[in-house]
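Architecture at a glance
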Amino acid sequence: MVRKHLITRLRNLTRPASHLHSHCPNFLQTRRHFSDAPPPPASALPPPPPASNVHSKSSLNQTELNKFASIADTWWDAEGPFKPLHVMNPTRLAFIRSTLCRHFRKDPHCTRPFEGLKFVDVGCGGGILSEPLARMGATVTGIDAVEKNIKIAHLHAELDPITSSIDYCCTTAEKLVEEQRKFDAVIALEVIEHVAEPAEFCKSLSALTDSGGAILISTINRSMRAYATAIIMAEYVLHWLPKGTHEWSSFLTPEELVLILQRSSVSVQEMAGFVYNPLTGRWSLSDDIGVNFIAYGTKNNE
Ligand SMILES: C[S@@+](CC[C@H](N)C(=O)[O-])C[C@H]1O[C@@H](n2cnc3c(N)ncnc32)[C@H](O)[C@@H]1O
């Protein structure tokens, strides 16, 4: 389980941004637009967008979406390209169950702890996560930018009366923001590394979260170990994932994720790593956030 020192580490991370900047590589300041440069004079700035467009910057990265469209038929093939997500699912669900039950004061031991709560699964793919969330009682909206994914998710969910209640839609987080939709929990697992503008994407996730709500994001750390394991091993040696699934430069470090969430009015409360045991073939929760990790945050009062 996640130990206390991880939370202390997080509190350090959420100190004022000036502290974090000193740890951000130059790369970050150019690639992710985190700049310490003084703002230009107001007269040099373009006029602000109308209020309804504030969150409408597109998160779509067409190259990434094409990759998912080309393998959409395989979402529910437990031995196919999405095998790592299938195998990881019980571990990520354990983290979601424990953090959200604590957050919403629900009993983690009951079969449908999320009864009465509205969740959105952003970048839901074929519904690998949406389905168990619905089985745990949540009213689930699953959205994905790839139409084929939504078709597969819908067809699969129809097989079970409980999951057939999931509301799947081919759209984006920013479009839901424009529609002024709100959810108790906003969940985006393994999506942020595939979007065009991670910081804008987080702003949309935050805008979709009801006051008092929660946000969960999982992704891969931009570390050397992640390059060696999540790319070289997973794509080129073990062939778990198609080659080119991940771009190392699109990964975020935990520090960067905390920072962009903080700038989106979300305070990260807890983080955990997912670690793979090659002997058992299973994933487990760990303090080690060096490769795969998940963050749980709460929306700040505005
Ligand atoms: C690695 S999959 C993760 C699927 C699912 N969240 C899970 O963990 O089981 C990434 C998904 O995000 C979707 N996606 C990528 N960019 C997106 C965006 N800007 N808006 C919505 N969905 C997006 C892709 O189509 C793909 O289905």
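Keep in mind it's a predicted model, so treat the numbers as computed, not measured. (Residues numbered from 1 in each chain as written. Predicted model: local features only at pLDDT ≥ 70, side-chain atom pairs only at ≥ 80, totals over all residues.)

**Some thoughts on the environment of Ala228**
Relative to the helices and strands, Ala228 resides in helix H10 (residues 224-237). Separated by 63 residues in sequence, Ala228 and Val291 place their C-alpha atoms 9.7 Å apart. (Helix = DSSP H or I, 4+ residues; strand = E, 2+ residues; numbered from the N terminus.)

**As for the environment of His154**
Along the polypeptide, His154 turns up in helix H7 (residues 147-157). On the basis of neighbour counts, which here come to 19 C-beta atoms within 10 Å, the residue His154 falls in the partly exposed class. For the pair formed by His154 and Ser165, sequence separation is 11 residues and the distance between their alpha carbons is 9.7 Å. (Buried ≥ 20, exposed ≤ 12 C-beta atoms within 10 Å, placed from the backbone.)

**Structural notes on the environment of Thr99**
Structurally, the position occupied by Thr99 is in helix H5 (residues 83-103). The spacing of Thr99 and Tyr296 is 197 residues in sequence and 7.2 Å in space, taken between C-alpha atoms. Residues within four places of Thr99 in sequence aside, it is in contact with Glu270 and Tyr296. (Contact = placed C-beta atoms within 7 Å.)

**Digging into the pairing of strand E8 (residues 292-299)**
Most of E8 is tucked away: eight of the eight residues are buried. Here E8 shows a buried face lined by Asn292, Ile294, Tyr296 and Thr298 and a second buried face lined by Phe293, Ala295, Gly297 and Lys299. As paired elements, strand E5 (residues 209-220) and E8 share seven bridges and run antiparallel to each other. Residue pairing across strands places Ile215 opposite Gly297, the latter belonging to E8. Pairing geometry for strand E6 (residues 266-277) and E8, over eight bridges, is antiparallel. Counterpart to Val268 in the pairing with E8 is Gly297. (Pairing = 2+ DSSP bridges.)

**What about the UniProt feature "binding site: S-adenosyl-L-methionine" (unreviewed entry) in the chain?**
UniProt's entry tags Arg92, Gly123, Asp144 and Leu189 with the feature "binding site: S-adenosyl-L-methionine" (unreviewed entry), counted in the numbering of this structure. Take Asp144: it is sitting in strand E2 (residues 139-144). Its location among the elements puts Leu189 in strand E4 (residues 183-189). Exposure remark for Leu189: the 22 C-beta atoms within 10 Å place this residue in the buried category. Those residues in contact with Leu189, other than ones at most four positions away along the chain, are Arg92, Leu129 and Ser218. (UniProt positions renumbered as here; feature names shortened; annotations may be inferred.)

**Overview of the confidence of the model for the chain**
Across the chain, the average pLDDT comes to 85, with 81% of residues at or above 70. Taken together, the stretch residues 1-55 has pLDDT below 50 and engages in 43 contacts with residues farther than four places along the chain or on a different chain. (pLDDT = per-residue confidence, 0-100.)

**Re the site of the ligand**
The environment of the ligand is formed by 22 residues, the closest being Ser59, Gly123, Gly125, Ala145 and Leu189. Broken down by element, the residue count for the shell around the ligand peaks at three residues, all from helix H4 (residues 62-70). Here the shell around the ligand is composed, by residue class, of 13 nonpolar, six polar and three charged. (Near = placed C-beta within 6 Å. Nonpolar A, V, L, I, M, F, W, Y, C, P; charged D, E, K, R; others polar.)

**Re helix H11 (residues 254-262)**
Buried residues dominate H11, accounting for eight of its nine residues. Every buried residue of H11 is accounted for by Pro254, Glu256, Leu257, Val258, Leu259, Ile260, Leu261 and Gln262.

**Regarding the pairing of strand E3 (residues 167-170)**
Where E2 and E3 come together, four bridges link them in parallel fashion. Each bridged residue has a counterpart across the sheet, and for Gly142 the counterpart in E3 is Tyr168. Crossover connection from E2 via H7 to parallel E3: handedness right-handed. (Right-handed = clockwise from strand over helix to strand, strands pointing away.)

**A closer look at the nonpolar core**
With 73 residues, the main nonpolar core has Phe119 and Val186 as its most contacted residues. When near neighbours in sequence (up to four residues on either side) are disregarded, Phe119 contacts Phe114, Leu133, Ala138, Val140, Phe183, Asp184, Ala185 and Ile187. (Core = buried A, V, L, I, M, F, W, Y, C linked by C-beta atoms within 7 Å.)

**Looking at the UniProt feature "binding site: Mg(2+)" (unreviewed entry) in the chain**
UniProt's feature table lists "binding site: Mg(2+)" (unreviewed entry) at Glu190, Glu193 and His194, given in the numbering used throughout. Among the secondary structure elements, Glu190 is positioned in the loop between E4 and helix H9 (198-208). Given 21 C-beta atoms within 10 Å, Glu193 falls into the buried group. Setting aside residues up to four positions removed in sequence, Glu193 forms contacts with Thr219, Ile220, His246, Ser250 and Phe251.

**Comments concerning the sheet that holds E4**
If you walk across this open sheet you meet the eight strands as E3-E2-E1-E4-E5-E8-E6-E7, and the pairing is mixed. One side of each edge strand has no neighbouring strand; the edge strands of this open sheet are E3 and strand E7 (282-286). The sheet shows a mean angle of 20° between the axes of neighbouring strands, direction not considered. This element, H5, spans E4, E5, E6, E7 and E8 of the sheet and lies at about 30° to E7. Packing against the sheet, H11 makes contact with E5, E6 and E8, and its axis sits at approximately 150° to E6. (Axes fitted to C-alpha atoms, helices over the stretch in contact; angles between N-to-C directions.)

**Structural notes on unusual backbone geometry**
Backbone geometry places Gln180, a non-glycine residue, at a positive phi of 60°. Relative to the assigned elements, Gln180 resides in the loop between helix H8 (173-178) and E4. Judged by the 9 C-beta atoms lying within 10 Å of it, Gln180 falls in the exposed class. You will see that His239, though not glycine, has its phi angle at about 55°, which is positive. Within the element layout of this structure, His239 appears in the loop between H10 and H11.

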